[in-house]
Amino acid sequence: MIYVLLDGVGDLPHPDLQGKTPLEAANTPTLDKIASNGCIGEVISVGKGIAPESDIAVFNMLGYKFNHAEYAGRGVIEAIGIGIDFKDGDLALRGNYSTLNDDEVIIDRRAGRNIEKEDADGIAKEIEEKIKLSSPDTSVVVSPTIGHRVTVRIRANSRKLSSKITNTDPAYSNIGGMGVAKAVGDFLKIEKCLPLEDDEDSKFTANIVNEFSEQSIRIMKESQVNKKRKEQGKKQLSCILLRDAGNKYPDVIPINEKYSMQFSCIVDMPVEIGISNVLKMKAFEAGGLTDYEEKARVAAKAMETQNSIYVHLKGPDEFGHDGDAIGKMKNIEEIDQRFFKTLVENIDSSKVAIVISADHSTPCINKGHSDDPVPVLVSADFIQNDGTTRMTEEQAKKGSIGLLQGAAVVPKALELIKSQK
């Protein structure tokens, strides 16, 4: 089984596409061929009413459903993904470099998105060197990852830090460690971090996070990196919006033990790398984010030694966040021609099934994640076709697989493959 998650590919009808979704509007001859050789259904990745972040969505789509109290939080997963020294009792948070105006209103949550590594690393180093927290035994690590993304680890040597705190990022709520996108308007300001429990650890931790936010804004305002960026006409790195606190290493059953399989992966982003490390998946190198042909060839080759590989393709999600329906449609067409065409040319579909879905929907009209169902497709020569001709949101509603919860996708796909093979 080659299991492909197209990040944020699900969408809603858009006026720029004559009322179609990007999947419906895209010219996808290879995906159409794959769909005609299989069956389709719908998936709600985490739960009705929950617009999930990618971490919890991917865990669910791999078969891991957490109760709120059990989840480690995205901050921890990203810290693991980039190899930060993390231990139970530390606090890890996901962050965004963001741009503020003079009134400290957020004018770009991603500071232009494509931030040069030299600038991201330089300003992180300034923060680490200049910050002075009120608790003298408390230290901070600021680790930029890709683009606007940052991971922050806070450690207090004398006490355990609490994950029971609110986000400073106004676009996401922290619900039991799970990041959930909020419906927000255009006027956003950094939120104060508040304790979610009435105990000293939560209060202490919230205070430390607020100190970090206040001091880092001042440091960034005076930064030489930002002075240079201003001269170059680039957006300022004004603050770090923090969310998804975690304070413990996740305790889960490794994926190969869960399914009694050789399950591997091709992933690029820190959060997916963290998930693969936590689940003890073998990871294959397959080029950069958009090296689609290489990823397809490596996935096909992996079938010689593995019996399942999970491939995560990031592209569609970013166009959704940018509200660019035409760009998202074109990215889907590019993935069809470069990834899926290469993949089908390099596998034997009488022996290998292709399963395709998404971690969540990112509608362009919302510019954010939503709880809308996404399609799931299971395809191989031995899978009975249910009349499906395309992988679209509309056809998914009529497919024989029906409506699944995210955690049921892998078991259902394996059931179809085993029963029909």
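Residues numbered from 1 in each chain as written. Predicted model: local features only at pLDDT ≥ 70, side-chain atom pairs only at ≥ 80, totals over all residues. Heavy atoms only, no water.

Draft legend 1. Spotlight on the overall build of the chain. Along the backbone of the chain there are 14 helices and 16 strands. Whereas a compact globule of 421 residues would reach a radius of gyration of roughly 22 Å, the chain reaches 22 Å, a difference of no more than 12%. Projected onto its principal axes, the C-alpha positions of the chain cover 65 × 45 × 35 Å. Counting over 421 residues, the chain shows a buried share of 59%. Sequence-distant contacts, at least 24 apart, represent 76% of the contacts inside the chain between residues at least 6 apart. For the chain, the accessible area works out to roughly 16,900 Å², and carbon and sulfur atoms hold 48% of it. Between the averaged position of the 53 positive side-chain charges in the chain and that of its 64 negative side-chain charges there is a distance of 1 Å. (Helix = DSSP H or I, 4+ residues; strand = E, 2+ residues; numbered from the N terminus. Rg over C-alpha atoms; globule rule 2.2 N^0.38 Å. Buried < 20%, exposed > 50% of the residue type's maximum accessible area, 1.4 Å probe, protein only. Contact = heavy atoms within 4.5 Å. Areas by Shrake-Rupley, 256 points an atom, 1.4 Å probe, with all protein chains shown as cover. Lys, Arg positive; Asp, Glu negative; His and termini not counted. Charge placed at Lys NZ, Arg CZ, Asp CG, Glu CD.)

Draft legend 2. Representation of the environment of Asp317 in the model. Mapped onto the secondary structure, Asp317 falls in helix H11 (residues 315–322). Overall, Asp317 belongs to the buried group, its relative accessible area being 2%. Placed 50 residues apart in sequence, Asp317 and Lys367 show a C-alpha to C-alpha distance of 9.4 Å. Residues contacting Asp317, with those up to four places away along its chain left out, are Asp7, Gly8, His360, Thr362 and His369. Within the structure, the side chain of Asp317 is placed 2.7 Å from the side chain of Thr362, a separation counted as a polar contact. (Polar contact = N/O pair within 3.5 Å; in protein donor to acceptor, adjacent residues only side chain to side chain.)

Draft legend 3. Representation of helix H9 (residues 270–278) within the structure. Summarising burial for H9: 7 of the 9 residues are buried, a large majority. Taken residue by residue, H9 has Pro270, Val271, Glu272, Gly274, Ile275, Ser276 and Val278 as its buried positions. Those residues of H9 that are buried lie in contact with helix H3 (54–61), helix H4 (74–82), strand S11 (263–266) and strand S13 (308–313). Positioned one or two residues after H9, Lys280 has a phi angle of 60 degrees, which is positive.

Draft legend 4. Just the domain arrangement of the chain, in detail. Looking at the assigned domains, one finds that the chain contains domain 1 (2–64 + 252–419) and domain 2 (75–246). Contact residues are listed per partner, giving 21 residues for domain 1 and 17 residues for domain 2. Between domain 1 and domain 2, roughly 1,600 Å² of surface is buried when both sides are summed, and carbon and sulfur atoms account for 61% of that area. For Glu318, the salt bridge is made with Arg149, and the minimal N-O distance between the two is 3.1 Å. If you look at where domain 1 meets domain 2, you find 5 residue pairs in polar contact (both at pLDDT 80 or more). (Domains from an automatic or database assignment. Buried area = accessible area lost by both parts, 1.4 Å probe. Salt bridge = Lys/Arg side-chain N within 4 Å of Asp/Glu carboxyl O.)

Draft legend 5. Highlighting the packing of helix H10 (residues 292–302) against helix H12 (residues 325–345). Packing of H10 against H12 brings their axes to within 8 Å, and their N-to-C directions diverge by 35 degrees. Regarding H10 and H12, the two cross each other, and that crossing is right-handed. Between H10 and H12, the contacting residues are Tyr292, Glu293, Lys295, Ala296, Arg297, Ala299 and Ala300 on the first element and Asn331, Glu334, Ile335, Arg338, Phe339, Thr342 and Leu343 on the second. Of the residues assigned to the contact of H10 with H12, the class counts are 7 nonpolar, 2 polar and 5 charged. (Axes fitted to C-alpha atoms, helices over the stretch in contact; angles between N-to-C directions. Left-handed = near helix turned anticlockwise from the far one by under 90°. Nonpolar A, V, L, I, M, F, W, Y, C, P; charged D, E, K, R; others polar.)

Draft legend 6. Structural context of the sheet that holds strand S14 (residues 354–357). The strand order S12-S11-S13-S1-S14-S15-S2-S16 describes an open sheet built from 8 strands, whose pairing is mixed. Either end of the sheet is taken by a strand with one partner, and the two such strands are strand S12 (282–283) and strand S16 (402–405). One ladder, built from 6 bridges, connects strand S2 (residues 38–44) with strand S15 (residues 374–379); its direction is antiparallel. Counterpart to Gly38 in the pairing with S15 is Ser379. Packed on one face of the sheet, H10 meets strand S1 (2–6), S11 and S13 and runs near 170 degrees to S13. Where H12 meets the sheet, it contacts S1, S13 and S14, and its direction lies at approximately 175 degrees from that of S1. (Pairing = 2+ DSSP bridges.)

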